[in-house]
Amino acid sequence: MYTCDFNATTPLHNSVAELLAELARRPLGNPSSPHASGRFAAQILDSARTRVAEACDWPRSGVVFTSGATEAIFIAIAGTVFSAPAARRRIILSAVEHKAVQSAAQFAASQVGMRVQSLPVTADGVIDLAAAAEALDSDVALLCVMGANNETGVLQPIEELATLAREHGVPLLSDLCQMPGKAEFRRELSAVDMAVISSHKVMGPRGAGALLVDPALKKTLTPVLHGGGQEGGLRGGTENVSAIAGFGLAMSLASDELADRRSRMALARDAFERQLVSIAPGALVHGANSIRLPNTSFIAIPGVDADDLLHALPQLEASTGSACQSAAPTPSHVLLAMGVSPAVAQQSLRLSFPPGGTQKQIQESHAEATAGREVADLIGSAAQQLREAMGAPA
Ligand code: PLP
């Protein structure tokens, strides 16, 4: 099996799996309980917070644990919008934001009569900075721009956007879920007011994530998840202690192993793209001119429907867009925002390579580049067969 869907979710890192197995054998109480097993859980939570804070170079008091990125995004967006001054009536989002951001912004805006405005991207998938400069003003409550796109891997100019936003006193939220373990993200973080990260995207367990919020801004957010006052009152509910512990470790490992993971991912991805472009007539790579995550390749083979391609290749795990939207048969909103036609969007397939190349490569110790070329060969020959079956010229 060739598993090239690492942006949808990641396998557990071995060291994280060992930690979780160890924690499963320990009496983990409720971290809010004063007795010994409660105090033990509180310590675990505490050290996970330190790990995340250190990996992100972010103040510990600004790390709010959640169940994942979607929840962190909602807490950040609704919390900001519900406490925004009356004069701030717009939320600005990049056109390529994940649905978690788009939906939370639409919902929060609808509750208070704000307007959501979309910022265009160029054909290369990068935010149009001139359009951002024009759109930002003192009536904007929040700007949301992701660090790296989950479909194309294209990185956004977060520091430049932060400078523009600051001029108008607009807080900037950046969804950085796809960056840890794949790209350096601390410079982006140092520029933003809030960011979100997710455990299952960084080889940690599912069910954990974090909102990183500037401690001063944190005090002004309107809480939207009420309960027992956990996480500074922003996220009520008993913390998922073992998942958060695994997340903390996964974030530390993502920092420690970044250089190695990045180069191994790039070997597989770059070999894949070179091979595919050389064997599949007309194959193109979306966002190829932009700086991208090292593992992500969103490709199109003209005339070949991506769903048919995946259907013809049961040994390949890839995606036709965001995993969350794979059930919805609409073309990728990210590609449409880049000006790609609906027909070509329908012919587009996202591959996101793991640090070890592919599952097959891990099992058989293939070199990363070999694995990348093998995936390209599989796709190239399946595309050729599909074209022949349709009677199209090769
Ligand atoms: N943002 C981005 C860029 C993502 O890729 C994802 C996952 O698909 C999410 C948000 C949602 O993350 P989670 O599954 O942790 O809620």
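Here, the structure is the one placed above.
This text gives an overview of the structure that appears in the document. Along each chain, residue indices are assigned from 1 in the same order as the chain's sequence is written. Where local features are concerned, this predicted model is filtered to residues with pLDDT of at least 70; where side-chain atom pairs are given and counted, the filter is 80 or more; whole-chain, interface and lining totals use all residues. The side-chain quantities take in all heavy atoms of the structure and omit both hydrogens and water.

Here's the deal with the overall build of the protein
Okay, so step 1: For the protein, the count of helices and strands is 15 helices and twelve strands.
Okay, so step 2: Here the globule rule reads 2.2 Å times residues to the power 0.38, and the radius of gyration is calculated from C-alpha atoms. Computed over C-alpha atoms, the radius of gyration of the protein comes to 21 Å, within 12% of the 21 Å expected from 2.2 N^0.38 for 394 residues, which places it in the range of a compact globule.
Okay, so step 3: Reported as C-alpha extents along the three principal axes, the dimensions of the protein are approximately 70 × 55 × 30 Å.
Okay, so step 4: The cut-offs for exposure are 20% and 50% of the maximum accessible area for each residue type, with area from a 1.4 Å probe on protein chains only; residues under the lower value are buried, those over the upper are exposed, and the others partly exposed. Looking at the protein as a whole, 55% of its 394 residues qualify as buried. Runs of E in the DSSP output that reach at least two residues are strands. Runs of H or I that reach at least four are helices, and both are numbered from the N terminus.

A look at the site of the ligand
Okay, so step 1: One heavy atom suffices: a residue is near a molecule or strand as soon as one of its heavy atoms comes within 4 Å of it. Surrounding the ligand, one finds 13 residues, the nearest of these being Thr 70, Asp 175, Gln 178, Ser 198 and Lys 201.
Okay, so step 2: The side chain of Gln 178 places a nitrogen or oxygen atom 2.8 Å from an oxygen atom of the ligand.
Okay, so step 3: Polar contact is defined as a pair of N or O atoms within 3.5 Å, subject to the rule that within protein one atom must be able to donate a hydrogen and the other to accept it, and that residues adjacent in sequence are counted only when both atoms are side-chain atoms. In the model, an oxygen atom of the ligand is placed 2.7 Å from a nitrogen or oxygen of the Ser 198 side chain.
Okay, so step 4: To measure how exposed things are, a 1.4 Å probe is used in the Shrake-Rupley method; for residues, cover is taken only from the protein chains shown. Burial of the ligand by the protein chains amounts to 91% of its free accessible area of 400 Å².
Okay, so step 5: Gly is put with the polar residues, along with every residue not named as nonpolar or charged; the nonpolar set is Ala, Val, Leu, Ile, Met, Phe, Trp, Tyr, Cys and Pro, and the charged set is Asp, Glu, Lys and Arg. Looking at the shell around the ligand residue by residue, the classes come out as four nonpolar, seven polar and two charged.

Some points on the packing of helix H10 (residues 258-279) against helix H15 (residues 368-389)
Okay, so step 1: For helices, the fitted axis covers only the stretch in contact; all axes are lines through C-alpha atoms, and the angles between them, taken along N-to-C directions, range from 0 to 180 degrees. The geometry of H10 relative to H15 is characterised by a closest axis approach of 7 Å and an angle of 35° between their N-to-C directions. The hand of the H10/H15 crossing is right-handed. For the pair H10 and H15, contact is made by Arg 264, Leu 267, Ala 268, Ala 271, Phe 272, Gln 275, Leu 276 and Ile 279 and by Glu 368, Ala 369, Gly 372, Arg 373, Val 375, Ala 376, Asp 377, Ile 379 and Gly 380, respectively.
Okay, so step 2: A class-by-class count of the residues in the contact of H10 with H15 yields ten nonpolar, three polar and four charged. Crossing handedness is defined as follows: a turn of the near helix away from the far one that is anticlockwise and smaller than a right angle gives a left-handed crossing, while the clockwise case is right-handed. Contacts: residue pairs with any heavy atoms within 4.5 Å of one another.

A closer look at unusual backbone geometry
When glycine is set aside, most residues are seen to have a negative phi, and most peptide bonds are trans.
Okay, so step 1: Of note, the phi angle at Asp 57 is positive, near 55°, even though the residue is not glycine.
Okay, so step 2: Here Asp 57 is to be found in the loop between helix H2 (36-56) and strand E2 (63-66).
Okay, so step 3: The residue Met 203 is not glycine, and still its phi comes out positive at about 70°.
Okay, so step 4: Mapped onto the secondary structure, Met 203 falls in the loop between strand E7 (194-198) and strand E8 (209-213).
Okay, so step 5: Accessibility expressed as a relative area gives 12% for Met 203, which makes it buried.

Some details on the sheet that holds strand E3 (residues 90-94)
Okay, so step 1: Pairing is mixed across the open sheet formed by seven strands, whose spatial order is E2-E8-E7-E6-E5-E3-E4. At either margin of the open sheet sits one strand with a lone partner, and together these are E2 and strand E4 (115-119). Averaged over all adjacent pairs, the angle separating strand axes in this sheet is 20°, with direction ignored.
Okay, so step 2: Note: strand E5 (residues 140-144) against strand E6 (residues 172-175), two bridges, orientation parallel. Directly across from Cys 144, in E6, lies its bridge partner Leu 173.
Okay, so step 3: Lying over the sheet, helix H3 (residues 69-81) contacts E2, E3, E5, E6, E7 and E8, oriented at roughly 160° with respect to E7.
Okay, so step 4: Taken strand by strand, helix H4 (residues 99-112) contacts E3, E4, E5 and E6, and its axis lies near 170° from that of E3. Two strands are counted as paired when DSSP detects at least two bridges linking them.

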